[in-house]
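Chain residues, written in single-letter form:
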Amino acid sequence: MASMKFGFGQALTRKEDEALLRGAGCYVADVAPAGALHAVVLRSPHAHAGFTVGDLAGVKAMPGVRLVLTGADTAALGPLPTPGVLPGVDIKVPHYPILALDVVRHVGDAVAFVVADTLEQAKDASEAIVIDWQPRPHVIGAMEALQKGAAPVWSDRPNLAFETTLGDAEATKQAFAKAARTVSTTIVNQRLVTNYMDTRGVIAEFDGERYTLTLGSQGSHIIRDIICGDVLKLPLDKMRVITPDVGGGFGTKLFPYREYALAAVAAEKLRKPVKWIGDRSEHFLGDSHGRDNISTATLAIDDKGRFLALDIDIVADMGAYLSCYAPYIPWLGGAMATGSYDIPVCHVRLRAAYTNTVPVDAYRGAGRPEASYLIERAVDNVARELGMAPDVLRRKNLIRPSALPYTTPTGKVYDSGDFAGTLARAQELIDWKGFNKRAALAKRAGKLRGIGIATYVEACGNNGPETAHLTLDRDGGVTVLIGSQSTGQGHQTSYAQLVAERLDLPPERVRVVQGDTDRIKTGAGTGGSSSIPIGGVSVDRASKTLAEQLKELAADALEASAGDMEIADGSIKVAGTDRAISFQELAAHPKAT
């Protein structure tokens, strides 16, 4: 097949950018249905406390107030679930209520949902709610939570949420016994908070039969399935979820949140649209956090500087509740613990702890960056202890191409890679050998200059499978329906280029539709670096199928063999002739469906 004009490797201007740069985007906060009411969430100022809500009659009578929901009003709803549990690990998932009933377990825990005509009226009413707080002992920090005598986050269970292991403990112990030296490294992957361009929000509508939620997400189907099916306990066809433009997700917008269910309940009760938009401060209190692991890696080394074994101890802070995929994240990281190094045996101990803090969940790589940071810091520490250059130590221990396919001691299979070759090429590109000269020049100028090495093996594509559906439109363009969700990555451009590779259409003639559960029947959303590895493959295969179908139609219309058809510039022609038919004409073909 001839090289496509708009296919791989061709320079393209991103389709998305002009509208976004000119302020013509439509984010969830921009959506304003007629007559929409405004909501705020009243959140706990305490890390741990019992509480009683005072009489609400006066609050409900305040100007503009339409509804006040408390834990008693939402007790019949299902809790936020935790689908990301671990295989073979018994995890007793605590009840994660849509509104706390009588105990709060972290600053920001949701206590009430207030709806009024204006945002100011809703805020005034939420501040007027009288609550009798009874503070309880609390614990902050996973290591502290696992200490004997630590304040319990939950009265009916220990602060140890779960414990599991990976690898071979006995083989690792034996390897350590033979080691010439061992070096331990303890690091903190600190707790992080996402800070995307547009904060989370939701507009809920109810027409008497179905709910429609418009919200910023990383996958409309995930939100629908959990909020409608698990929380509201309704058939999935009772809810439509629409995601408009999204200004960043980073993992944090992948999950269902309390406000989505609360807005849906309020819209049903009031029969009017209900809009909640989180503010910047609230984002720190109500959206999932990331990371928060304390890990120790100990490498066993022989007398030649070769790695013999790796022992890792991870303590992961879960926060007060188990958020959607929280247990899975440090476990996934542990599985990538050996990175790109030939380490024969490994043992990973993972303990997860409840603390009186905001729950954590997937964020920016979800476990894999934590693992990479740990092993790379550990390798650098070994190099210092041995007095060996960090690149020399790495070359000595990186997996060799001759060992591929290579199975790591945690069960991951690497099918390809030249890790030492990649390192050598990187050093060449950055003039590694010339660093000392650059550092000396910088020092004379009163500046510090550093250099370092890190390797990273990614385990991506975990969010599939994904289905792409392509149709030829009447105007000769193509519409792509896919369940992934762009949060700024440029899916419109990426998918258009995949389509162009098969159909040679300019990007402006490819329409990519995401984020609508009514138009798109299934979808895994965007997470785990899956959009191109999984969604892109689906788009490519669907494009190939459509190209073959169009060739069959063109062959019928041109009375030629399908094998003689060529695609070029939005049309199909008989190879070696000027006989051609445009996509637009094919769309009107009697056999087109």
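Residues numbered from 1 in each chain as written. Predicted model: local features only at pLDDT ≥ 70, side-chain atom pairs only at ≥ 80, totals over all residues. Heavy atoms only, no water.

*Asks:* Quick rundown of the overall build of the protein chain? Include the residues and the values.
*Replies:* Across its full length, the protein chain carries 17 helices and 23 strands. With respect to the principal axes defined by its C-alpha atoms, the protein chain has extents near 85 × 80 × 55 Å. Burial statistics for the protein chain: of 593 residues in total, 53% are counted as buried. Residue pairs in contact within the protein chain that sit at least 24 positions apart in sequence constitute 80% of those at least 6 positions apart. Looking at the protein chain as shown, the accessible area adds up to about 26300 Å², and 52% of this sits on carbon and sulfur atoms. (Helix = DSSP H or I, 4+ residues; strand = E, 2+ residues; numbered from the N terminus. Buried < 20%, exposed > 50% of the residue type's maximum accessible area, 1.4 Å probe, protein only. Contact = heavy atoms within 4.5 Å. Areas by Shrake-Rupley, 256 points an atom, 1.4 Å probe, with all protein chains shown as cover.)

*Asks:* Please set out the sheet that holds strand β14 (residues 307-319) residue by residue, giving values where relevant.
*Replies:* Here we have five strands laid out as an open sheet, ordered β7-β15-β14-β13-β8, and mixed in their pairing. Two strands bound the open sheet, and with one partner strand each, they are β7 (160-167) and β8 (181-192). With strand direction ignored, the average angle separating the axes of adjacent strands in the sheet is 10°. By the bridge criterion, 11 bridges tie β8 to strand β13 (residues 290-301) in an arrangement that is antiparallel. Paired with V183 across the two strands is L299, which belongs to β13. Lying on the sheet, helix α10 (residues 328-335) is in contact with β7, β13, β14 and β15 (345-354); it crosses β7 at an angle near 20°. (Pairing = 2+ DSSP bridges. Axes fitted to C-alpha atoms, helices over the stretch in contact; angles between N-to-C directions.)

*Asks:* Summarise the packing of helix α12 (residues 390-397) against helix α13 (residues 419-429); cite the residues concerned and give the values.
*Replies:* Closest axis-to-axis distance for the α12/α13 pair is 9 Å, and the angle between their directions is 155°. With respect to each other, α12 and α13 are oriented roughly antiparallel. Residues D391, R394 and R395 of α12 pack against A420, L423 and Q427 of α13. Taken together, the residues of the contact of α12 with α13 sort by class into two nonpolar, one polar and three charged. (Parallel < 35°, antiparallel > 145°, perpendicular 65-115°, else oblique. Nonpolar A, V, L, I, M, F, W, Y, C, P; charged D, E, K, R; others polar.)

*Asks:* Mind laying out the sheet that holds strand β6 (residues 131-135), listing which residues take part and the relevant values?
*Replies:* Here we have three strands laid out as an open sheet, ordered β4-β2-β6, and antiparallel in their pairing. Two strands bound the open sheet, and with one partner strand each, they are β4 (103-104) and β6. Relative to β4, strand β2 (residues 49-53) runs antiparallel, the two sharing two bridges. Looking across to β4, one finds that G50 is bridged to V103.

*Asks:* Please set out the packing of aromatic side chains residue by residue, giving values where relevant.
*Replies:* Per the counting criterion, the structure on display carries 11 aromatic pairs. Counting every residue linked through ring pairs, the aromatic cluster contains F255, Y257, Y260 and Y325. Over the face of the ring belonging to Y257 we find R200, whose NZ or CZ atom lies 3.6 Å from the ring centre. Here K253 stacks its cationic end above the ring of Y196, 4.1 Å away from the centre of that ring. (Phe/Tyr/Trp six-rings, centres within 6.5 Å; stacked < 30°, edge-to-face > 60°. Lys NZ or Arg CZ within 6 Å of the ring centre and 35° of its normal.)

*Asks:* Describe helix α15 (residues 491-503), and please don't skip the residues or the numbers.
*Replies:* Helix length check: α15, at 13 residues, gives a terminal C-alpha distance of 18 Å against a target of 18 Å (1.5 Å per residue), a fit within 8%. Regarding α15, the residues found buried are H491, T493, Y495, A496, Q497, L498, V499, A500 and L503. Considering only its buried residues, α15 is in contact with β18 (468-472), β19 (478-482), β20 (510-513), α16 (531-558), β21 (565-568) and α17 (583-587). Count one or two residues on from α15 and you reach D504, which has phi positive near 55°. (Expected span 1.5 Å × (residues − 1).)

*Asks:* With reference to specific residues and values, describe the pattern of salt bridges.
*Replies:* A full pass over the atoms with the stated rule returns 34 salt bridges. The salt bridge involving K238 is made with E209; its shortest N-O contact spans 3.8 Å. Taken together, the residues span a long stretch of sequence, with K238 in the loop between α7 (220-231) and β11 (239-242) and E209 in the loop between β9 (201-206) and β10 (211-215) at a distance of 29 residues. You can call K238 partly exposed: its relative accessible area is 28%. (Salt bridge = Lys/Arg side-chain N within 4 Å of Asp/Glu carboxyl O.)

*Asks:* Tell me about the nonpolar core, and please be specific about residues and values.
*Replies:* Soluble globular proteins tend to bury their nonpolar side chains together. Membership of the largest hydrophobic core comes to 105 residues, with the highest contact counts inside it found for F113 and L213. Of the residues forming this core, the biggest block, nine residues, is contributed by helix α8 (residues 258-270). Among residues more than four places away in sequence, those in contact with F113 are A39, V40, V41, L67, V68, L69, L99, L262, A263, A266, V274 and W276. Within the second largest apolar cluster, 29 residues are counted, among which are V478, L503, V510 and V512. (Core = buried A, V, L, I, M, F, W, Y, C linked by side-chain atoms within 4.5 Å.)

*Asks:* Any details on the pairing of strand β22 (residues 571-574)? Residues and values, ideally.
*Replies:* Examined bridge by bridge, β21 and β22 share four bridges and lie antiparallel to one another. Paired with M565 across the two strands is V574, which belongs to β22. The loop that links β21 with its antiparallel partner β22 comprises two residues; one of these, D569, has a positive phi angle of about 55°. Two elements, β22 and strand β23 (residues 580-582), share three bridges in a ladder whose sense is antiparallel.

*Asks:* Give me unusual backbone geometry: which residues, what numbers.
*Replies:* Cis geometry is found at the peptide bond from L404 to P405, where omega equals -5°. Residue placement: P405 occurs in the loop between α12 and β16 (406-407). Although it is not a glycine, F250 adopts a positive phi angle of roughly 60°. With respect to the helices and strands, the residue F250 is situated in the loop between β11 and α8. Residues other than glycine seldom take positive phi values, yet D569 does so here, at roughly 55°. Within the element layout of this structure, D569 appears in the loop between β21 and β22. Here D569 falls in the exposed class, since its relative accessible area comes to 54%.

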